Each structure stands twice: as C-alpha cells, then as structure tokens.
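If you want the building blocks of each chain, they are given just below.
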Amino acid sequence: MNQQWLNFLGLALSAGAVITGEQLVVGAIQSKKVHFVIIAEDTGVNTFKKVTDKCKFYGVEWIQKAGSDELGHALGKDFRKIVGITDPNFAKALKNKINA
C-alpha cells in the first residue's frame, strides 16, 4: 500500500485540518466544514451507511481505504474509523496522493 498518503494525513493533522470520530465528522459534514472523508475498511455496516449517506446528501467526496489501525497509526492515535479533512487544499492534495 502507498504509505505516502498516510504520511500526508499525519501532516494534515499537525496543520489542524483533520477531525476524527463518527459524530464529529457527521456534524462537520452537515455544517459543510468537511471537504473529504476517509472511512476505514473495517468500519461497521451501520456507521458506513450513516457516513456515506451524509456525504452523498451534502456532496462530500469519500473513500474507503486502509484499516482503522493504519489510520490511527498515521494520526498518532489508536484506532480511527472515520477521518474528515476540513481544509480544501489538504483534501485536494490527499485525494491526489491516494489516487497516484
């Protein structure tokens, strides 16, 4: 797996452009403060549906990538299932790195 985007995710966290957790990310999507969402591959069905439905309704791009342990490790935390990127420039750069 391409580690470069995970390293960039850690940089985005240092810049204050990352929020984590289902409730925080869903609330930020509704407030139109999130520009990109990363969902862990091992996220439960109900959480996955709730987050993706909100993303679709509010027009926020999302991707299901990496395990919750990998996302957590990239952010220097424990497991993370849902990650929201709040800065549009970081969101665009992260999407480019994931798709590279």
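Above this text is the structure in question.
None of these values were measured; they are calculated from a predicted model.

S.K.: Just checking my understanding: could you explain the sheet that holds strand β1 (residues 18–20) for this structure?
M.R.: Where strands meet in a sheet, backbone hydrogen bonds hold them as pairs that are either parallel or antiparallel. Reading across the sheet, the four strands line up as β1-β4-β2-β3 and stay open at both edges, with mixed pairing between neighbours. Of all strands in the sheet, those with a lone pairing partner are β1 and β3 (61–64), marking the two edges. Shown here is a sheet whose adjacent strand axes are inclined to one another by a mean of 20 degrees, direction ignored. Pairing geometry for β1 and strand β4 (residues 82–85), over three bridges, is antiparallel. Its bridge partner lying in β4, Thr 20 is registered against Val 83. Contacts between helix α1 (residues 4–14) and the sheet are confined to β1, β2 (36–39) and β4, with β1 contributing the most and set at about 100 degrees to the helix. Those strands touched by helix α5 (residues 88–99) are β2, β3 and β4, and its axis lies near 45 degrees from that of β2.

S.K.: Honestly, the pattern of salt bridges in this entry has me stumped. Any pointers?
M.R.: It is possible for side chains of opposite charge to pair when their charged atoms get near one another. A complete count under the given rule lists four salt bridges for this structure. Between Lys 95 and Glu 61 there is a salt bridge, with its nearest N and O atoms 2.9 Å apart. Taken as a pair, Lys 95 in helix α5 and Glu 61 in strand β3 lie far apart in primary sequence, 34 residues in all. Accessibility expressed as a relative area gives 18% for Lys 95, which makes it buried.

S.K.: Would you take a moment to explain the environment of Phe 79 for this structure?
M.R.: Mapped onto the fold, Phe 79 is located in the loop between α4 (68–74) and β4. Sequence spacing of Phe 79 and Gly 67 is 12 residues, and the spatial spacing of their C-alpha atoms is 8.5 Å.

S.K.: Explanation requested: unusual backbone geometry in the structure shown.
M.R.: Excluding glycine, a negative phi dihedral is what most residues carry, and trans is how most peptide bonds are arranged. Residues other than glycine seldom take positive phi values, yet Lys 32 does so here, at roughly 60 degrees. Turning to its location among the elements, Lys 32 is positioned in the loop between α2 (22–30) and β2. Lys 32 sits in the exposed class, given a relative accessible area of 63%. In the Ramachandran plot, Ala 66 falls in the positive-phi region, its phi being about 65 degrees despite a non-glycine side chain. Structurally, Ala 66 is set in the loop between β3 and α4.

Rules used throughout
- Within any chain, residue numbers begin from 1 and follow the written order of that chain's sequence.
- Where totals are concerned, whole chains, interfaces and linings use all residues; where local detail is concerned, this predicted model gives features only for residues with pLDDT of at least 70, and gives and counts side-chain atom pairs only at 80 or more.
- Excluded from the side-chain calculations are hydrogens and water; all other atoms, namely the structure's heavy atoms, are used.
- The pairing criterion is simple: DSSP has to find at least two bridges between the two strands.
- Helix and strand definitions follow DSSP, with helices as H or I runs of at least four residues and strands as E runs of at least two, each counted in order from the N terminus.
- Working convention: axes come from line fits to C-alpha atoms, limited for helices to the stretch in contact. Angles between N-to-C directions cover 0 to 180 degrees.
- When checking whether two residues touch, look at their non-hydrogen atoms; a contact exists if any pair is within 4.5 Å.
- In what follows, salt bridge is the name for a side-chain nitrogen of Lys or Arg lying within 4 Å of a carboxyl oxygen of Asp or Glu.
- Burial classification: accessible surface area is computed with a 1.4 Å probe over protein chains only, and a residue below 20% of its type maximum counts as buried, one above 50% as exposed, and the rest as partly exposed.

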